[in-house]
Each structure stands twice: as C-alpha cells, then as structure tokens.
Amino acid sequence: MDLSYTPEEEEFGARLREWLGKALPTLPAKPSPDDWPGRRAYDLGWQRMLYDAGYGHVHWDASPTTRLIFLEETEKAGAPYVGANFVGLLHAGPTIAAEGTPEQRERWLPPVLRGDEVWCQGFSEPGAGSDLAALRTRAWRDGDDYVVSGSKIWTSHAEVADWCELLVRTDPAAPKHRGISWLAMPMSAAGITVRPLRTLAGSAEFAEVFLDEVRVPVGNRVGDENDGWRVTMVTLSFERGTAFVGEVVACRRVLGELAAEARRNGCWDDAVLRRRLGRLNAEFRALWRLTQWNVSEAEASGGVPGAGGSVFKLRYSHARQELYDVAADVLGVNSLDLERPWVLDRLSSLSYTIAAGTSQIQQNIVAERILGLPKGR
C-alpha cells in the first residue's frame, strides 16, 4: 500500500501552510478555560475563518487523506483545536454526512461547517458503564414526535451545545443492540436539565443531562427506527479512526520537547529514561503510519474508517499515558505543579483508556472483527 501523498495532496498541504501562516497571527487571545461561552465564541470564530478560506468542508466533504493532511498541518502550525466543535465536526457531522437524508444533511451540516452551531454527544449513561448498548433512556412515539425520558453522563460540551447526538431505546422488547435509535435533539427543547461535571484536571467540558419527556421530531432520527446501533458504529468509527489524528502529531511534538527538557535538567543522563523516550518515538511513528493505513483503507471503502480504528485507539491510549508518565519523571517534583507544562495533560491522559470505548472494548473488537475469534459467553 502506497502511504505517500500525491502531488495534488502535497499542493493542498503547502497551500494550507501558507494560509495558516497568515491567519494565525490575527486570532484574538484565547479565553479562560472556565469561560465556556467565551471558548464557544472563540472556537466558532476559528471555524468561520476556516470556512471563509475554503477549509471548512474537510471533515466530511473531502477525502480521508485530505482530512489527514489538514489535521496534520493545523496541529504542526499550533492552530486552535476544534474545541467546542469537536462532536459536530468529528462525530455527528461525519455520521449525518454518511447516514442522513439529503434534507438532514442540508439542515445540519452547513451550520456546523460555518461555525454557527455546536453539538454534544449523549451516548453514555450512569448505569451502562462500558456497555453502551445497555442504555435505558426511553423514546416512545407520540404522533410526529418521540417523547424521551432518561439521563446521560459525560455529555461533551452540553453546556454550550445547540444539538445533541442522542442514543435512545425505542423498542425495549428487542434484543439490546436492535432496539436503539439515533436522534438529533435540540438542546433548547423543554424538559432538558444540564448539570456540569468537573474533571480531575479541573475542567468542566462534560455534563450530566437529564431528560424529562423531551419531545424530539421523528424527522430528527438518523437512520431507521431501531437501527441506531449500526449508525452508532459509524459514529464510533470516526471517533476512533480519525478524531485523534491531530493528537498524534501533538504527542510527537511533546516527545521532542521532553527530550530537550531532559537534556537541560540532567535527566538525559538516565539511560532508562532515554530508552523510554526512544521507544515512544518509535511507537508514535508507528501510530502515524497506522493512521495513514487506516485513512487509505477508508479512502477505498467509501470514507468510513474500519475496525483498524480500534487498533489505533487501543495503542494510542496507552502510548499517550506512558508519554505523560515519562513527562512526570522528567519534571520530577515539579510534576505536581499544575502551572507547569504537561501536568494537566497527564491528568487528562488518564481518561483515554476509557473515552471513546474502553481498552477492553477495543480488545474485544480487535479479537472478534479482525482476528475472527469467537465471542465470549
């Protein structure tokens, strides 16, 4: 498989680098991490700049390789992360582009691309744990609406979202994977209560969401009724397959910074530390190649990443945790100082073996879908 870029792709990257060099110095100062309305406005403003420059489409109306180049170049340039736009651009948007009707694509995709609307993800539930299909939030038909009651947890960016990609149980009598539907729920609907959750790192980008007979139009269902699990697998394939691409580039940059800091403070004399840094360098280079392979596979199969995304997610989660464990060793006693570089990143890295499907779930997917091993009983 050829993992090199074509001349056209190289030209796209060069053009993007030139534009980033001009655009980034014009950005306003970043708002405080606790100022979520400010962060929303900042993130939407950046997305609007991308849209006006002709780059707003890349997350779904472009080839997987073009998306890869875009994420690589923006991360290298230090451009803002998608931030509050994360779910809309990297999860819900690509899912609607792949599974939605023409009317749904026309309604929901342009506002995300223009930086007009923010989405959140309503998948996880307090009683379901890692078994996402065990969700209990109910939705029953009442004329042209679904009436939804239940609760969600770890709902990303719910406090500033306009829409929620919501998983609900529409047939409680069906086997648990077959009675689920995927809905687009307006966060302005009556009956929604949002309660922010503060993480170990002190941020509050997650929330609990309580739903008390919330009415969602049937026309907001993406895919057929009770076919939501299949649609969800499309969402998760994007989440595991391409959503972390920019972070791999960031980790490779951090690795170089750690090596430089180790040389400055004398930790470089530790042969064990040097071997760990060297092995992590090989690990992230391999992860980048795996990303290119996954993107090439998606290119050949219609744009949706395959099960190889679970291999990537599994390895990346653990490599990221080890990277910031090494950072703690390099920092020494300063690894407890929240104002120092990499300390908050280390705290957030602890969640990566849980977020977007636990490592145990990824191992099951690799065993069953790639290796062809039988399912456990």
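See the structure printed just above.
I will try to describe carefully the structure that is included in this document. (Residues numbered from 1 in each chain as written. Predicted model: local features only at pLDDT ≥ 70, side-chain atom pairs only at ≥ 80, totals over all residues. Heavy atoms only, no water.)

## Thoughts on the overall build of the protein chain
(1) Moving on: Across its full length, the protein chain carries 11 helices and eight strands.
(2) Moving on: A buried classification covers 52% of the 377 residues belonging to the protein chain. (Helix = DSSP H or I, 4+ residues; strand = E, 2+ residues; numbered from the N terminus. Buried < 20%, exposed > 50% of the residue type's maximum accessible area, 1.4 Å probe, protein only.)

## Comments concerning helix H3 (residues 64-76)
(1) Moving on: Its 13 residues give H3 an end-to-end C-alpha distance of 18 Å, which sits within 8% of 18 Å, the value for a rise of 1.5 Å per residue.
(2) Moving on: Burial analysis of H3 places 12 of its 13 residues in the buried class, the great majority of the element.
(3) Moving on: Of the residues making up H3, those classed as buried are Pro64, Thr65, Thr66, Arg67, Leu68, Ile69, Phe70, Leu71, Glu72, Glu73, Thr74 and Glu75. (Expected span 1.5 Å × (residues − 1).)

## What about the environment of glycine 228?
(1) Moving on: Note on placement: glycine 228 falls in helix H6 (residues 228-241).
(2) Moving on: Overall, the relative accessible area of 0% leaves glycine 228 in the buried class.
(3) Moving on: Residues glycine 228 and valine 168 lie 60 residues apart in sequence; the distance between their C-alpha atoms is 8.3 Å.
(4) Moving on: Residues contacting glycine 228, with those up to four places away along its chain left out, are Ile180, Ser181 and Trp182. (Contact = heavy atoms within 4.5 Å.)

## Comments concerning the packing of helix H1 (residues 7-23) against helix H2 (residues 36-52)
Working note: a packed helix pair is described by the angle between its axes plus the distance between those axes.
(1) Moving on: As a packed pair, H1 and H2 sit with axes 12 Å apart at the nearest point and diverge in direction by 135°. Considering the angle they form, H1 stands oblique to H2. Viewed along their axes, H1 and H2 form a crossing whose handedness is right-handed. Contacts between H1 and H2 involve Trp19, Leu20 and Ala23 from the first element and Trp46, Met49 and Leu50 from the second.
(2) Moving on: The residue makeup of the contact of H1 with H2, split by class, is six nonpolar, no polar and no charged. (Axes fitted to C-alpha atoms, helices over the stretch in contact; angles between N-to-C directions. Parallel < 35°, antiparallel > 145°, perpendicular 65-115°, else oblique. Left-handed = near helix turned anticlockwise from the far one by under 90°. Nonpolar A, V, L, I, M, F, W, Y, C, P; charged D, E, K, R; others polar.)

## Regarding the side chain of lysine 152
(1) Moving on: Residue position: lysine 152 is located in strand E3 (residues 145-152).
(2) Moving on: For lysine 152, the side chain forms a polar contact with the side chain of glutamate 125, separated by 2.9 Å.
(3) Moving on: Among the polar contacts made by the side chain of lysine 152, one reaches the main-chain carbonyl oxygen of leucine 167 at a distance of 2.8 Å.
(4) Moving on: Apart from the residues lying within four places of it in its own chain, the contact partners of lysine 152 are Gly122, Phe123, Ser124, Glu125, Pro126, Leu135, Thr137, Leu166, Leu167, Ala207, Glu208 and Val209. (Polar contact = N/O pair within 3.5 Å; in protein donor to acceptor, adjacent residues only side chain to side chain.)

## Observations regarding empty space enclosed by the protein
(1) Moving on: Tallying each qualifying case throughout the model produces two cavities of 30 Å³ or more.
(2) Moving on: Approximately 180 Å³ is the volume attributed to the largest cavity.
(3) Moving on: Around the largest cavity, the lining is made up of 17 residues, and of these Leu71, Thr74, Pro80, Tyr81 and Val82 lie nearest the centre.
(4) Moving on: Of all the secondary structure elements, the ones that give two or more residues to the lining of the largest cavity are H2, H3 and helix H4 (86-99).
(5) Moving on: A breakdown of the residues in the lining of the largest cavity according to their chemical character gives 10 nonpolar, five polar and two charged. (1 Å grid on protein atoms, 1.4 Å probe; cavity = no way out; pocket = protein on both sides within 12 Å on 5 of 7 lines; lining within 4 Å. Points joined across faces, edges and corners; volume = space filled by probe spheres on them.)

## Thoughts on the pattern of salt bridges
If the charged atoms of two oppositely charged side chains come close together, the side chains can form a pair.
(1) Moving on: Taken as a whole and assessed by the stated rule, the structure comprises 21 salt bridges.
(2) Moving on: Among the salt bridges present, the one from lysine 76 reaches glutamate 72, with a minimum N-O distance of 3.2 Å. Within this pair, lysine 76 and its partner glutamate 72 are both found in helix H3, separated by four residues, close to a single helical turn.
(3) Moving on: Look at lysine 76 and you get exposed, because its relative accessible area is 54%.
(4) Moving on: With a closest N to O distance of 2.9 Å, lysine 152 and glutamate 125 form a salt bridge. Of this pair, lysine 152 sits in strand E3 while glutamate 125 sits in the loop between strand E1 (119-122) and strand E2 (138-142), and the two are 27 residues apart along the sequence. Taken as a pair, lysine 152 and glutamate 125 share a single burial class, namely buried.
(5) Moving on: Through salt bridges with shared partners, a single network forms among Glu75, Arg253 and Glu257. (Salt bridge = Lys/Arg side-chain N within 4 Å of Asp/Glu carboxyl O.)

The quantities given are spatial measurements derived from coordinates; they are silent on function.
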